[in-house]
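Residues per chain, in single letters:
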Amino acid sequence: MAVIVERTRWAFHPLNAVFLAGAVALFLGALLSDITYFRTYEIQWNNFSSWLLAGGLVVGAFAFLAAVVELFRNRWRKSRAWIYALLLLATWILGFIDALVHARDAFATMPAGLVLSVIVVVLACVALWIAVAGMRAGGVS
Amino acid sequence: MNRLNLVAAVALASMLAGCGGGDAAPEQYGANPQLPAQQRGLLPDMVIARPAAWGDRLPTVPQGYTIKAIATDLRIPRQTLVLPNGDILVAEGRGGNASKLKPKDVIAGYIKAKGTSPVKGGNRLTLLRDANGDGTYEMKTVFADGLNAPYGLALVGDTLYVADQDALVKFHYSVGQTHADGPPVTVTDLPSAINHHWTKALAASADGRYLYVGIGSNSNITERGMTAEVERARIWQVDAQTGMHRPYATGVRNPTALAVQPGTGALWAVVNERDELGPDLVPDYLSSIREGGFYGWPWSYWGRHVDPRAQPQNPEKVASAIVPDYSLGSHVAALGVAFSSPAMGAKFADGVFVGEHGSWNRSNPVGYKVVFVPFRDGHPAGNPIDFVTGFRGGDGLTRGRPVGVTVDPRGALIVADDLSNTIWRVTPGAASAAMKPAAPVPSGAMSAGSVGNAER
């Protein structure tokens, strides 16, 4: 009985939270570095963005895999689980394109890199919102 | 897959590859190359040489010429120098210590390394000697070692100058010597932090009073920041006596070989231009170098064509940018230049030989050969003529990559190949024809990549 209570309490597994929050923070960091590079031309911010994006993609891949697992576990409403997974997928794909844009040299990363970083952060934040809202709607027993 | 999907897939693929597909290469030789619009897809075009052994094969030379490997198993030969008695010095080494700043550097560095020799750089000068003039260089001995990625070589009288990746050094040299008397003496330190483009090209002025040192940029297009570019992308004029220097020309992205023109004494250079603007940008060039001239890098290329990747921009500098003399074509990677002499045969008597290491940033590779640029009245006239080819096959297998070229005044072109670690010698005349006995050449200023015109 106690075991069942434990499982239902974790509608959103802590590890998922770590992955998702990590991705949001790393993509947000990339966006802030992009803004600074765009304003100052100081190349080190461009390097920071590239690595932050790479980190966001690694952590984000785990967050997406966790979302796929969630699809099969039926602890969330079906539609919410699908929206969440697709949002993370879109975040990852655009984040990957953003990383390729950041592989260009110097100011060739701009403004496309900055625009993509904004979109990626917005998508990741919406995904986070849905996950957290889902946790409440899923009902902590 | 229906037609629309196919079209979409092709469009996506070419977008990813930065439009590598077309490759209807525009005419890009000479004084007025066509410069297409800048382009860069999500991935840069990358086609890397696939190394293969020569086996029984030889590079291809024009009818009536012979090519022979005169030294093999070297350790990354780059530039050569023909000494007054016909001995050949070979600079061997691999330099650079640029750290990987972005994930891109890690990935691209790994891919590009596949197209080069795995041998460790020699950091030495090797001397080759053909004592009886039969065309076989039977002696191969280390003239000096413990150097730091030596590249440019020049002989002025009895002083041998060597441009290491971090310093210009000198040895005393007397004709016939096979080993340096002792460690070299430093003439001046050279900019060496990071050393993204590490090769230090070298030529001596006709009177031997000055040395010209080519110093490449520390990045493709400022992606390591402008502070990394202090004293980079320029040619120094160094006083041979005092070691004092001043910039002779600036904005020269990567001057990989220098040569002083016989007769006029003018300084010429081959320069590698920037990548990742498309398959037909930016042309590498051969140019006489104007004292005090600015050649564009990083803010512009081929005169005033602005490169938006270099920010903040610099309109004043762009306005002063000089248009180079002669386009060799984009991405050919010219690494060697040498003025010819009548001893090379009538067709190749007046002009320069250029060693082209070959492209990476192009889906249809170019370079990987030695070309001859004909001159008339002291200036380039006409398209380059293939002189040594066959380094890269149509199957992508690459057996060699030319670097330095040097004209032996007795009538031979010496070509260093840093993929197969070979020195090639091309002579006018049919195979097995013995060369003329080694006659002493008047001593004077001789440089890697210049005929020793004894005007001293």
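Just so we're clear, the structure is a prediction, and the values are computed from it rather than from any experiment.

J.: Before we move on, could you go through the packing of helix H2 (residues 14–40) of chain A against helix H3 (residues 43–73) of chain A and cite the residues and values that matter?
T.: All names here are of chain A. Two elements in contact, H2 and H3, have axes separated by 8 Å at closest approach and are oriented at 160°. Considering the angle they form, H2 stands roughly antiparallel to H3. Our pair here, H2 against H3, has a crossing hand that is left-handed. For the contact of H2 with H3, the residue count by class is 15 nonpolar, 11 polar and one charged.

J.: Any details on the interface of chain A and chain B? Residues and values, ideally.
T.: Counting from both sides, the interface comprises 16 residues of chain A and, opposite them, 19 residues of chain B. The set of elements that each furnish at least two residues to the side of chain A that touches chain B consists of H3 and helix H4 (78–102) of chain A. Here the element with the most residues in the side of chain A that touches chain B is H3 of chain A; it accounts for six residues.

J.: Tell me about the pairing of strand S12 (residues 210–215) of chain B, and name the residues and values.
T.: Residue and element names in this part refer to chain B. Of all six residues making up S12, six are buried, and the element is well covered by its neighbours. Residues of S12 alternate between two faces, with Tyr210, Tyr212 and Gly214 on one and Leu211, Val213 and Ile215 on the opposite face, all of them buried. Across five bridges, strand S11 (residues 200–204) lies against S12 in antiparallel orientation. The partner of leucine 202 across the bridge, within S12, is valine 213. The loop that links S11 with its antiparallel partner S12 comprises five residues; one of these, glycine 208, has a positive phi angle of about 75°.

J.: So, the nonpolar core: which residues are in play, and what are the values?
T.: Within the largest apolar cluster, 111 residues are counted, with the highest numbers of intra-cluster contacts made by Leu211, Val213, Val337 and Val354 of chain B. In this view, leucine 211 of chain B contacts Ala154, Tyr161, Leu168, Leu202, Ala204, Val238 and Ala240 of chain B; residues no more than four positions away in its chain are not counted. Counting 35 residues, the second largest nonpolar core, distinct from the first, contains Ala23, Leu26, Ala63 and Phe64 of chain A.

J.: Describe in detail the sheet that holds strand S15 (residues 255–260) of chain B, supporting the description with residues and values.
T.: Residues and elements named next belong to chain B. Across the sheet, four strands lie side by side as S15-S16-S17-S21; this open sheet has antiparallel pairing. Here the strands that pair on one side only, and so sit at the sheet edges, are S15 and strand S21 (326–330). Each neighbouring strand pair of the sheet contributes to a mean axis angle of 15°, computed without reference to strand direction. Pairing of strand S17 (residues 283–288) with S21 involves four bridges; the strand directions are antiparallel. Considered in S21, the bridge of leucine 286 is made with tyrosine 326.

J.: Outline the sheet that holds strand S4 (residues 88–92) of chain B, supporting the account with residue identities and numerical values.
T.: Residues and elements named next belong to chain B. Read across the open sheet, the four strands follow the order S3-S4-S5-S6; overall the sheet is antiparallel. Looking at which strands have only one partner, the edges of the open sheet turn out to be strand S3 (77–82) and strand S6 (139–145). Adjacent strand axes in the sheet meet at a mean angle of 25° when their direction is disregarded. Of the pairings in the sheet, the one linking strand S5 (residues 124–129) to S6 comprises six bridges and is antiparallel in character. What sits directly across from leucine 127, in S6, is threonine 141.

J.: Please give an account of the environment of glycine 411 of chain B that cites residues and values.
T.: By the secondary structure assignment, glycine 411 of chain B is in the loop between strand S28 (402–408) and strand S29 (412–417). Considering only alpha carbons, one finds glycine 411 of chain B and threonine 186 of chain B, 225 residues apart in sequence, at a separation of 33 Å.

J.: If you had to explain H2 of chain A to someone new, which residues and values would you point to?
T.: Residue and element names in this part refer to chain A. Here H2 contains 27 residues, and its C-alpha end-to-end distance of 38 Å stays within 8% of the 39 Å for a straight helix at 1.5 Å per residue. Of all the residues in H2, the buried ones are Asn16, Phe19, Leu20, Ala23, Val24, Leu26, Phe27, Ala30, Leu31, Ser33, Asp34 and Tyr37. With its phi angle positive at about 65°, tyrosine 41 sits one or two positions after the end of H2.

J.: Kindly report on the packing of H3 of chain A against H4 of chain A, identifying the contributing residues and their values.
T.: All names here are of chain A. Interaxial distance between H3 and H4 falls to 9 Å at its minimum, and their mutual angle equals 160°. Put simply, H3 runs roughly antiparallel to H4. Considering the relative orientation of H3 and H4, their crossing is left-handed. Residues that form the contact of H3 with H4 fall into these classes: 18 nonpolar, seven polar and two charged.

What counts and what doesn't
Residues numbered from 1 in each chain as written. Chains lettered and ligands numbered in written order. Predicted model: local features only at pLDDT ≥ 70, side-chain atom pairs only at ≥ 80, totals over all residues. Axes fitted to C-alpha atoms, helices over the stretch in contact; angles between N-to-C directions. Helix = DSSP H or I, 4+ residues; strand = E, 2+ residues; numbered from the N terminus. Parallel < 35°, antiparallel > 145°, perpendicular 65-115°, else oblique. Left-handed = near helix turned anticlockwise from the far one by under 90°. Nonpolar A, V, L, I, M, F, W, Y, C, P; charged D, E, K, R; others polar. Contact = placed C-beta atoms within 7 Å. Buried ≥ 20, exposed ≤ 12 C-beta atoms within 10 Å, placed from the backbone. Pairing = 2+ DSSP bridges. Core = buried A, V, L, I, M, F, W, Y, C linked by C-beta atoms within 7 Å. Expected span 1.5 Å × (residues − 1).

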